[in-house]
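The lines below spell out each chain.
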Amino acid sequence: MKDQTINVTLSTEKKQKPQSDQLGFGRIFTDHMFIMDYTEGQGWHDPRIVPYQPIILDPACMVFHYGQTVFEGLKAYLTKDEKVLLFRPDKNMQRLNKSNERLCIPQIDEEFAVEALKQLITVDKEWIPSAEGTSLYIRPFIIATEPFLGVAPAKNYQFIIILSPVGSYYKEGISPVKIAVENEFARTVKGGTGTAKTGGNYAASLKAQEVATAKGYSQVLWLDGVEKKYIEEVGSMNVFFKINGEVHTPSLNGSILEGVTRNSIIQLLKHWDIPVVERRMTMEEIYQAYSDGLLEEAFGTGTAAVISPIGEFFWRDEKVVINNGETGPLAKKLYDTLTGIQNGLVSDPFGWVVEVK
Ligand SMILES: *Cc1c(COP(=O)(O)O)cnc(C)c1O
C-alpha cells in the first residue's frame with residue numbers, strides 16, 4: 001500500500017469560496033475528495049484524488065441496511081506564515097483502525113492514509129480559511145459497498161476523505177453550555193460499539209438529543225446504559241470535572257469513545273503538574289461535590305469545540321450550576337493552550353503538530 005501512487009484528477013471548475021463569517025459547520029465542501037476501494041482478495045486499491053462529486057451506489061449496498069461504517073474527524077489549520085498544520089493525524093488513523101476492527105471492516109494502512117490526507121489537503125490548500133478560530137475540518141470515512149441483503153461483513157468498501165472549511169466554534173469567545181443528564185435513553189453499553197466511531201452510535205443518540213434541545217439544553221450527558229449511574233461522556237465529547245483542585249474524567253470503560261482531545265488534555269494537565277485522575281465516577285458524587293461547594297469546573301473535550309465549558313447540568317429536576325455558569329480558568333487555559341499549539345502560536349513540547357508540506 002505504501003508504494004501505491006495516488007492518481008490525481010483535478011477539477012476543471014473551481015467552486016466559489018465562502019466568506020469566513022459564512023462558514024458555519026459542515027455544509028460547505030472543497031473542490032476535491034480522496035477515494036480508494038477495497039475488494040476482497042485484492043485489498044485496498046486505486047487510491048485517487050478526484051473532483052468532489054456524488055458517489056453512485058447500488059440501493060442494496062450493505063451500509064444502507066446494516067450500518068457497517070466508521071468515520072473520523074480532525075482539522076487542518078493555516079498558520080500566520082501560511083504553513084498547514086495537522087494535529088495528531090496518526091491518532092485518528094489509529095482510531096479508525098480500532099473502529100474498523102470492531103465493525104469487521106478491513107484495516108487500512110495508517111501511514112498511507114495520513115499521506116493521502118496530506119496530498120488531498122495540498123490540492124485544496126486554498127480552501128483552508130485563515131480567520132481566527134476557523135479551520136479545515138477533515139472527515140475520513142469508510143462504507144460497506146457490497147450490494148447484498150444478507151447480514152455479514154461486506155466484501156467491498158470505499159474509504160473516502162472529504163474536507164469542509166469551518167467557522168469559529170465560539171463567535172463571541174469561549175462560552176459555557178447547558179447539559180441535560182440523560183436518565184432514560186442509552187447511547188451504548190459495554191460490549192457494544194461505544195468505543196468505535198460509527199454512525200449507529202449517533203443514530204441512537206438523536207432521540208435524547210431532541211428531547212434535551214426542546215428543554216433548552218444543548219447536549220446530553222450520557223450515563224452508563226445499565227444502571228444510569230456512572231458518567232460516560234457528553235454528546236460527541238469526553239467530559240472532565242475539576243473537584244477540589246483535582247481533575248477527574250471517566251476511565252475508558254469499554255463504552256466510552258477515546259477522544260484525541262481527551263488524551264491531549266490529560267497529557268497537558270500532567271505536564272502542568274495538575275493532578276488528573278481517570279476513574280469510574282457517578283453523577284451522585286458530582287452532585288455531592290456540588291453541594292459541598294467543591295465542584296469548581298466541568299468541561300467537554302472534542303475536536304469540534306476543543307474545550308466546551310459546562311455551566312449547568314440538569315439532573316433529576318435539579319439545576320447544578322457550575323462556576324456561576326461562567327467559563328472557569330482551567331477550561332480557558334486548556335483552550336488557549338491547545339488551540340495555540342494547533343495553530344502554531346504556542347510551542348508544542350509533545351510533537352503533536354505535523355506540517356503538511
Ligand atoms: C469523536 C468523539 C469524541 C471526541 O473525540 P476527539 O478525538 O477528541 O474529537 C468523543 N465522543 C464521541 C462519542 C465521539 O464520537
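Criteria and thresholds
- Residues numbered from 1 in each chain as written.
- Predicted model: local features only at pLDDT ≥ 70, side-chain atom pairs only at ≥ 80, totals over all residues.
- Heavy atoms only, no water.
- Near = heavy atom within 4 Å.
- Polar contact = N/O pair within 3.5 Å; in protein donor to acceptor, adjacent residues only side chain to side chain.
- Areas by Shrake-Rupley, 256 points an atom, 1.4 Å probe, with all protein chains shown as cover.
- 1 Å grid on protein atoms, 1.4 Å probe; cavity = no way out; pocket = protein on both sides within 12 Å on 5 of 7 lines; lining within 4 Å.
- Sits in = over half its atoms within 2 Å of the grid points.
- Nonpolar A, V, L, I, M, F, W, Y, C, P; charged D, E, K, R; others polar.
- Helix = DSSP H or I, 4+ residues; strand = E, 2+ residues; numbered from the N terminus.
- Buried < 20%, exposed > 50% of the residue type's maximum accessible area, 1.4 Å probe, protein only.
- Expected span 1.5 Å × (residues − 1).
- Contact = heavy atoms within 4.5 Å.

Draft legend 1. The arrangement of the site of the ligand in detail. Close to the ligand lie 15 residues, the nearest being K197, Y202, E233, T261 and T303. In this structure, a nitrogen atom belonging to the ligand sits 2.5 Å away from a side-chain N or O atom of E233. In the environment of the ligand, an oxygen atom lies 2.8 Å from a nitrogen or oxygen atom belonging to the backbone of V260. A total of 390 Å² of accessible area belongs to the ligand in isolation, and the protein chains cover 97% of it. Taking a 2 Å distance to the grid points as the criterion, the majority of the atoms of the ligand fall inside the largest pocket. Among the residues making up the shell around the ligand, the classes are represented as four nonpolar, seven polar and four charged.

Draft legend 2. Inspection of unusual backbone geometry at higher detail. Phi at K228 is positive, roughly 55°, even though this residue is not glycine. Structurally, K228 is set in the loop between strand 10 (219-223) and strand 11 (231-234). A positive phi angle is found at R316, which is not glycine, with a value near 45°.

Draft legend 3. Expanded view of the side chain of S308. Relative to the helices and strands, S308 is located in strand 16 (residues 306-315). For S308, a relative accessible area of 1% corresponds to the buried category.

Draft legend 4. Quick look at helix 4 (residues 199-214). Between its terminal C-alpha atoms helix 4 stretches 23 Å, which fits the 22 Å expected from 16 residues at 1.5 Å a residue. For helix 4, the set of buried residues is N201, S205, A208 and A212. On its buried side, helix 4 packs onto strand 9 (177-181) and strand 10. Downstream of helix 4 by one or two residues, G216 has phi in the positive range, about 90°.

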